Amino acid sequence: MNHFKDNFYYYTGGAVGTKFCDDVIKFSNTIKKKQARTGTGYDETTRHLNIRKSKVAWLSEKWVYSQLFKFIHDANRLGRFEFDIKSSEPIQYTRYSGEDNNRDHYDWHQDSIYTPRGEIRKLSLICNLTDPKEYEGGDLFIEVPHPNPAQSRKYQLNFMKQRGSVIVFPSFLWHKVAPVTKGIRHSLVCWMKGTPFK
C-alpha cells in the first residue's frame, strides 16, 4: 500500500519482493565495496567515520533500475512533488555492519548536492533489503524543518524495517541511519537529478 505523509515523504511497504532483495544481496557479494565517504559537493572524497561508516558499491544493472524507478515516478506524481527530474545517478548499494562492534551508521545529512553538469539531486529513494530479524538498530530518521527550530519534527520511520519497503523524499530533507548494533543491514539508495529549483 502506498502512503504519503504530510507532503514530505512517500512510502510503500513491502514494495519489492523477497527474491529481488535476495538477488541484490547475492549480487553485491560478487562486487568490490569501498568505505563510504562524505564531502561538501559532488566529489565525496573524505572519510569521516564519526559521520558516515559503511561499505558501498555502485550498481548500473537494468534489472535493479526497473524495480525502483516506478516508485520514484509514482512518488513524484501521486506524492504531489511534481519536481522537474531529468535523470538518475548510479544506484548505491550500502552495507551497514553491526558485527565486531562496527556500529556502521550515517549521521544527519542532506543529499541535495550539485552535480558536475549543474544539476541538483531532487528526489532520494531508499529501499531496505534486509529482514528485520537479521539486524538490530539501523533505524531511518527524517527531520521535517520548521522556521521555528523548536517546531521541527523528527520521524523515526519504523515502517522501513519491513523488508522490501521503499521511501521517496525530497533530497533536501535531513535524514540519518542510526548505528547498526547487531547483524547486517543491506539497502539501496537512488537519486534523481534535475535543473536547480527556481
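Residues numbered from 1 in each chain as written. Predicted model: local features only at pLDDT ≥ 70, side-chain atom pairs only at ≥ 80, totals over all residues. Heavy atoms only, no water.

Chemist: Would you mind going over the overall build of the protein chain with me for this structure?
Modeler: Each helix and strand counted, the protein chain has two helices and 15 strands in total. Against the globule reference of 16 Å for 198 residues, the protein chain gives a C-alpha radius of gyration of 16 Å, in line with a compact fold. Counting over 198 residues, the protein chain shows a buried share of 48%. Of the accessible surface of the protein chain, which amounts to about 10,200 Å², a share of 49% is contributed by carbon and sulfur atoms. Within the protein chain, the 21 negative side-chain charges are centred at a point lying 2 Å from the centre of the 31 positive side-chain charges. (Helix = DSSP H or I, 4+ residues; strand = E, 2+ residues; numbered from the N terminus. Rg over C-alpha atoms; globule rule 2.2 N^0.38 Å. Buried < 20%, exposed > 50% of the residue type's maximum accessible area, 1.4 Å probe, protein only. Areas by Shrake-Rupley, 256 points an atom, 1.4 Å probe, with all protein chains shown as cover. Lys, Arg positive; Asp, Glu negative; His and termini not counted. Charge placed at Lys NZ, Arg CZ, Asp CG, Glu CD.)

Chemist: How should I be thinking about helix α1 (residues 18-28) in this particular structure?
Modeler: What sets the pattern is the α-helix's 3.6 residues per turn: residues three or four places apart point alike. Along α1, the residues classified as buried are F20, C21, V24, I25 and S28. Along the axis of α1, the buried positions cluster into a sector of 130 degrees, meaning they face one direction only. Opposite the packed face of α1, turned more than 90 degrees from it, sit the exposed residues K19 and K26. Considering only its buried residues, α1 is in contact with β5 (55-59), α2 (62-78), β7 (91-97), β9 (120-128) and β15 (180-194). (Arc of directions from axis to C-beta. Contact = heavy atoms within 4.5 Å.)

Chemist: I tried to follow the environment of S28 on my own but got confused; where do I start?
Modeler: Tracing the chain through its elements places S28 in helix α1. For S28, a relative accessible area of 0% gives the class buried. On a C-alpha basis, the gap between S28 and R95 in space is 9.3 Å, while along the polypeptide they are 67 residues apart. Setting aside residues no more than four positions away along its own chain, S28 makes contact with K33 and Y93.

Chemist: What's the story with α2 in this structure? I'm lost.
Modeler: Over its 17 residues, α2 extends 24 Å from the first C-alpha to the last, a length consistent with the 24 Å expected when each residue adds 1.5 Å. The largest bend along α2 measures about 30 degrees and falls at L68. What α2 keeps buried is the set V64, Y65, L68, F71, I72, A75 and N76. Among the residues trailing α2, R80 stands out with phi positive, at a value near 65 degrees. (Expected span 1.5 Å × (residues − 1). Bend = angle between axes of the 7 residues up to and from the residue.)

Chemist: I would appreciate a short explanation of the confidence of the model for the protein chain in the present structure.
Modeler: Atom-level detail of predicted coordinates should not be read off regions where pLDDT is low. Chain-level pLDDT for the protein chain is 90 on average; 92% of the residues reach the 70-or-more range. The least confident element of the protein chain, judged by mean pLDDT, is strand β1 (residues 2-5) at 66; the most confident is α1 at 98. (pLDDT = per-residue confidence, 0-100.)

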